Every structure is written in structure tokens, then in C-alpha cells.
Amino acid sequence: MFIGHYSFAFIAKVIEPKIPLTVLTFATQFVDYLWGIFVLTNIEEAKLIKGYTKTSDLHISAPYSHSLLGALGWGILLSGSCRFFTSYTASNKASFLILAAVVSHWFEDLIVHKKDLLLLTFDFTQKKYGYALWDRWFIGQFLEIGLFLVPFYCYVFYTKPDPLQLDQTRFLNLSSHFWNMSDQLSDQNPDQELNSNFNQIPTTPLLGSSFSPLPLQGTSTPVQSPRTRRIVEYADRYIPIRTPDLVSDFQRLSVPTSSQGRKRKIASLIEEEALQEDDRIYKAVLESTMFPGFRESNDDIVRRINMTTGSTPTKGLLTFKSPSKKSRHIDTPFRDAYSMSPLTWSAQNIMTNPRKPPRYISKFPYKVLDAPDLQDDFYLNLVDWSSTNVLGVGLGTCVYLWNAVTSRVIKLCDLGQNQNDNVTSVSWMPIGTHIAVGTNNGPVEIWDIQKNKKIRKMDGHTQRVGALAWNGYTVSTGSRDRVIYHRDVRVPDNYTEVLSGHRQEVCGLKWNPEGTQLASGGNDNRLLIWDRTTGGPLHKWNHHTAAVKAIAWSPHSHGILSSGGGSQDKHIRFWNTVSGEALESHDTESQVCNLAWSKHANELVSTHGYSQNQIILWSYPSMEQLAVLKGHTLRVLYLSVSPDGQNIVTGAGDETLRFWNVFNNGKKEKKRESKFDIRTQIR
């Protein structure tokens, strides 16, 4: 086999993009390179036998390079060398793929070779293997072309090319510019000084030049003497292009910042936000002074300044209306004719109105932790942050605890040792001393983290438990068996109450802050509200068109509940559980996986899956996007808020936990004195 050997290189590149394709293609042909060396040194043999196969006359005797045992040994050698000398193959996955690429050569040769391949021996007198598809020319060629094209298509379709490092247009224009320069220098009098040569070169634009350094085909190029001086004609004057639209010129007005494109500290970024705010005020004052007939009122301008951030462009900056008849006003001291300032009264009003201090939200996580075996399952809840600042994470069959103060990690339990079970959900008790662990087989375990000991195992569910919610000493559990159990850990019974209302798996549970109502979401697209005193559901809502996992109660407004739908719904909906009314809804254009409210401000954070995989901070009730955070490469399935209410942790199928600072601490931000605040400027 020839080009078919490269098929595994394309497949491995799709699986692990960090490995260079040159390394993978070298690995697939590594035993052939060794075979060539061994033939030259008479260690192995190669003969040409006419008619040996219909495709090739080559007969090989290669026990060291083309046996399965030899290929395995050479693969281990190459994989270990790459792991030792390079950084991109340091992972176990990359090392295994390089090893498999070397060994794949033997299996692909097995299909087409005659019986000249050894299995687990270097003795060429032993039994040899080969299916001899080279004797069937059409089938062999069809198979080899197919083995090459199908993985090559997957490689092109599922991988992204590296960005081009060279701008061809700019390169050609630079070439034409220097071609002109050299042509001018060669045509000048050689007796003149070099400086005078450069001074007489006419300026040529680098971009957009129509000059071509190479003559076109069929065009005769006159030959000039090197002593002939080229006559350069200049225009008598320069006439600039004037734009009659002053509004367009005003919209392009901006104050450049010299700190863009560099890594900066948070303090410098906050200062840059403040400078951008001054820029927006300056433009608003200039706008009000230059265009007094502007339709927006002063209150609208101030509101727009407060709402605009440095990264969000202002839409519809200038919009005019048809001139209207001027009404007669009573003469007042606030007419512009009586102003002692060069600014109009409207411009002074903009500068004296109170403005919100700029708020900086980092677009990057301040900490990233590896989380191997973190399951990519929408219906599980595997991350929870306790009130004692300890993070509980379910990874495969184990539960790990990470202390946010000391960064210490301990392994709490392993369900795979004796029970052959997996962790499907974790949830902390409100006081932070115990953690509930839901399992794939159905039981719910209660662990004491101070004693590192399991104190309760409660049965009842027959399938996996994907949702847990605490209310005091009572933990509510939701399962794929469509049942919700209330379990009081102080009583010996497995459960104290059973709730039945969902037709499919229960994947979301949340108690309200008062502990009087429980919200449950399921894969049946239903959102149910249960009252603690009654057994049946208080409200049933069927507005969502996909599974409802994301549920969060507002800590600022009594009875306000938010919920998010899956990939077929993509909406965040708000409900009033007191009146039973459905409030507004907002289309996020992406699967809603989790929701959480800020403890200090009326803000909401949501995590998303298909197809954006982003984290969005919203302002409620306007649902204005305050920040969009990206970093995860797969669905952001897990979310929890820190006990101080300022940070969040997110987990995804990319097996990472990322920590973000998105919420404020509830304290009033220090007011910054602006250069445009005329009340603080004395002159």
C-alpha cells in the first residue's frame, strides 16, 4: 500500500489537533524508512520478481521492520522520543496516537501484501501473513483510494487552517514600490549624490497602486539608455477630497488610545474604560454644540452615555427629522445668548448630569483547573460550591473537594471500588458540613466532609439521580424514574414524601429562598411548582419546547423565577409564582444549560451549549447583555456561585473548570472625577 498509509495520519490529526501533521505522516511511513535503511545495510532484503503481483513486482524479506512485533517496538521508540523531545506530544493521547500510526502501517500492508509479513517473531522461516489484494488490481486500487480520500475529507472538514501570515496584496504593492524606487535610482545621473536621488523620487502609494512590476504578455517595452533622464510631471497644486457630509465626519471622530494590543493589568484596563467614557462625553458635547437641531433630548443623550460600553458601538448616532415650525418661547436666563460659557446650555447639562462609574468585567477566567472524566451530559449536576468556600466536583466514579482558600484537593469517595457506580450529581448542605451525592444506580449518599465518612445511604430511586436540592435538613432528589423524593436526613426513613408529575427524567430542582416552593424541570419540557404544604403541583407551565434544566429563583423579588430551555427552545423565561403568570421571555439563540442570580445586584448569569458555548451576564429586567465570556470549547453544562456572590465556576465537556469574576460585591463604586465635570473644575 502506498498513499493509503496516510489515512491514519488524517484521522489522528482530527482526534488530536495539537500534533503536527508532518509528525503523523512520518509515523505512518516510519517502518518503510527503516526498511530502506536495513536494505542498504544488508539487514533485510528486497527482490524484484516479475509478475509477483498484478500491482507490484516487489518482494520483501523484512522481519525487523515489517513484523507486528517490530512495528510495535518501533512505535514505542518513536512515541517515547516525541514525548521526551517535544511539548505537543506530552499527553498520553498524543503518545498513543503516534504509536498507533506506526503500527497501522503493518495492518494496512496486511490487506494488500502477499504472505510476506510476520506476526510476533523475527524468524522469517515461520508462518507469514497477507491477504494479497494486490493480485486484484481494481479492488486494491479502489480500497487504497478510498482509504486516502475519506480520512482526508474528514481532516479538511473537521480541522481549521492556520491563519495566513502574509498579506499578498501588501507584498505585491511593496514590491512595486521598491521596483519604482530602484528604477528611479538607476535612471538618475550617477554623478549626483545619493541623497539627491532619494529626494527626486516621486511618492508612490503602497496600497491600491495599479503599477505592475512585470510587463504583460504581448506588450512591447521600450528600452531606454541608462543615461536617459526620466521626466517626472507634477500637478500644479494639491486638491483634497472633501466630504460634504459633516455628520459622517463627526461619526468617525474618535480619540485614539496608545495602549491597545498589549497585555495590561486590571487597574490600567479600568482607567482605559474611564478614558473611553470621557471620549463618549466629549463626542456628546460636541454633537450637542455642532448640531443643535438634533432630535435626541439631553436626557436621552445622558442615558445613551451611561448605557454605552467601550466595546459596544453606538447604533444610530445621528438621526434627523424634518424641520418643524419654531414655537415662540418665553425669554429665560437659560437661553444660549445669555450663556457666559462657550458651550451651550444643553452641552453644560450633559456635563453636569450624574453618570454611572465605568465597570470592568474581565473576559478571561482568573483560574483554570483540569477536571478529567467530567461528563459531557446535559442532565447531570456535578459541580457545587459550598458556603464554607469548598468546591465539590463529581469526576467519573469519584467526588473531589477543592478548597478555594488553600487550593488543596482531597478525594472524598470512589463509588467504583465496591459499588461499580458513577457520580451523577452533587449538592452541599446549606451549612456546608455535609454533601449529598447522587449515583447512577439510584441510591443517594450523605457524606460528612469533616470526618471524611459516609453517614447515610438512602434508597428509593430505581435509576440515576441527576438533580439535588437542599432545604434546611431536607434534600429533594429527582431521577430518571420521573419521581421526586423529599428526604429528611434527621429521620431514619429513606424518604418522607413522594412527588409525581413529570412524564420523563427530572433534570432540574431548586427551592426558593424562603423554602416554601420547589421548582422542578424535566425532559418532558415542563416546569412545575410544588408547594411545601400540599402534595400536588401548584403551577404547571408547558411554554418551553425542550428540556428544562436551568432554574433559578430571584433573591431580590419575591416569587420571581427564571428558567431556560434546551437546544430546541433556547429561551430564558420569567415567571411569577405568586400569581401564576408567565412574564417576559428572551431568545438567547443557544442552548440554555444553567442560570444563577447575583446576590448583590439585579443581574443574571447564564451558561450555554449548542452552538455558542458562551457565558452571558444579563441585567434584569432590561435583559441587556453586560458581558459575553468565551473560553470553553464544549457545552458549559455546570455552574455554581461562590459564597461571597462575586465569582462563578463553570464546567464543560472539555474537562476544565474555569473561574470568572462577573458579579460586583454590592458596595458602591468609588466615583471618579472626570475632566468634563465642570462642577469640580476651578479656573
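The structure under discussion appears in the preceding block.
Residues numbered from 1 in each chain as written. Predicted model: local features only at pLDDT ≥ 70, side-chain atom pairs only at ≥ 80, totals over all residues. Heavy atoms only, no water.

Draft legend 1. Spatial organisation of the pairing of strand 16 (residues 506-511). Counting buried positions along strand 16 gives five out of six residues, so the element sits mostly inside the fold. As defined by bridge partners, strand 16 adjoins strand 17 (residues 517-522) across five bridges and the pair is classed as antiparallel. Looking at strand 17, one finds that tryptophan 511 is bridged to leucine 518. Where strand 16 hands over to strand 17, the hairpin turn is made up of five residues, of which glycine 515 adopts a positive phi near 75°. (Buried < 20%, exposed > 50% of the residue type's maximum accessible area, 1.4 Å probe, protein only. Helix = DSSP H or I, 4+ residues; strand = E, 2+ residues; numbered from the N terminus. Pairing = 2+ DSSP bridges.)

Draft legend 2. Layout of the side chain of arginine 573. Checked against the element boundaries, arginine 573 lands in strand 22 (residues 571-576). A relative accessible area of 15% places arginine 573 in the buried class.

Draft legend 3. Fine view of the nonpolar core. Of all hydrophobic cores here, the largest spans 31 residues; its most connected members are Leu374, Leu391, Ile435 and Leu657. The element that contributes the greatest number of residues to this core is strand 5 (residues 390-395), accounting for four residues. Each residue touching isoleucine 435, except ones within four places of it in the same chain, is listed here: Gly392, Leu401, Leu412, Val426, Ser427, Trp428, Glu445, Ile446, Trp447 and Ile449. Membership of the second largest hydrophobic core comes to 26 residues, among which are Val23, Leu24, Phe30 and Val102. (Core = buried A, V, L, I, M, F, W, Y, C linked by side-chain atoms within 4.5 Å. Contact = heavy atoms within 4.5 Å.)

Draft legend 4. Local environment of the packing of helix 3 (residues 30-40) against helix 4 (residues 68-85). For the pair helix 3 and helix 4, the least separation of the axes is 10 Å and the interaxial angle reads 110°. If you check the angle between helix 3 and helix 4, you find them roughly perpendicular. Across from Phe30, Val31, Leu34 and Phe38 in helix 3, the residues of helix 4 making contact are Ala71, Trp74 and Leu78. Split into classes, the residues belonging to the contact of helix 3 with helix 4 amount to seven nonpolar, no polar and no charged. (Axes fitted to C-alpha atoms, helices over the stretch in contact; angles between N-to-C directions. Parallel < 35°, antiparallel > 145°, perpendicular 65-115°, else oblique. Nonpolar A, V, L, I, M, F, W, Y, C, P; charged D, E, K, R; others polar.)

Draft legend 5. Here's a closer look at the sheet that holds strand 15 (residues 497-500). Read across the sheet, four strands follow the order 12-13-14-15 without closing on themselves; strand pairing throughout is antiparallel. Both edges of this open sheet fall to strand 12 (465-471) and strand 15, since each of them pairs with a single strand only. Recorded for the sheet is a direction-independent mean angle of 20° between the axes of neighbouring strands. Pairing between strand 13 (residues 474-479) and strand 14 (residues 483-488): five bridges, direction antiparallel. Looking at strand 14, one finds that serine 476 is bridged to histidine 486.

Draft legend 6. A look at the sheet that holds strand 7 (residues 409-414). With antiparallel pairing, the four strands of this open sheet are ordered in space as 4-5-6-7. The two strands at the open ends of the sheet, each matched to only one other strand, are strand 4 (383-385) and strand 7. When strand polarity is set aside, the average angle formed by the axes of neighbouring strands in this sheet is 20°. Bridge count between strand 6 (residues 398-403) and strand 7: five bridges; the pairing is antiparallel. Bridge assignment links tryptophan 402 to a residue of strand 7, and that residue is valine 409.

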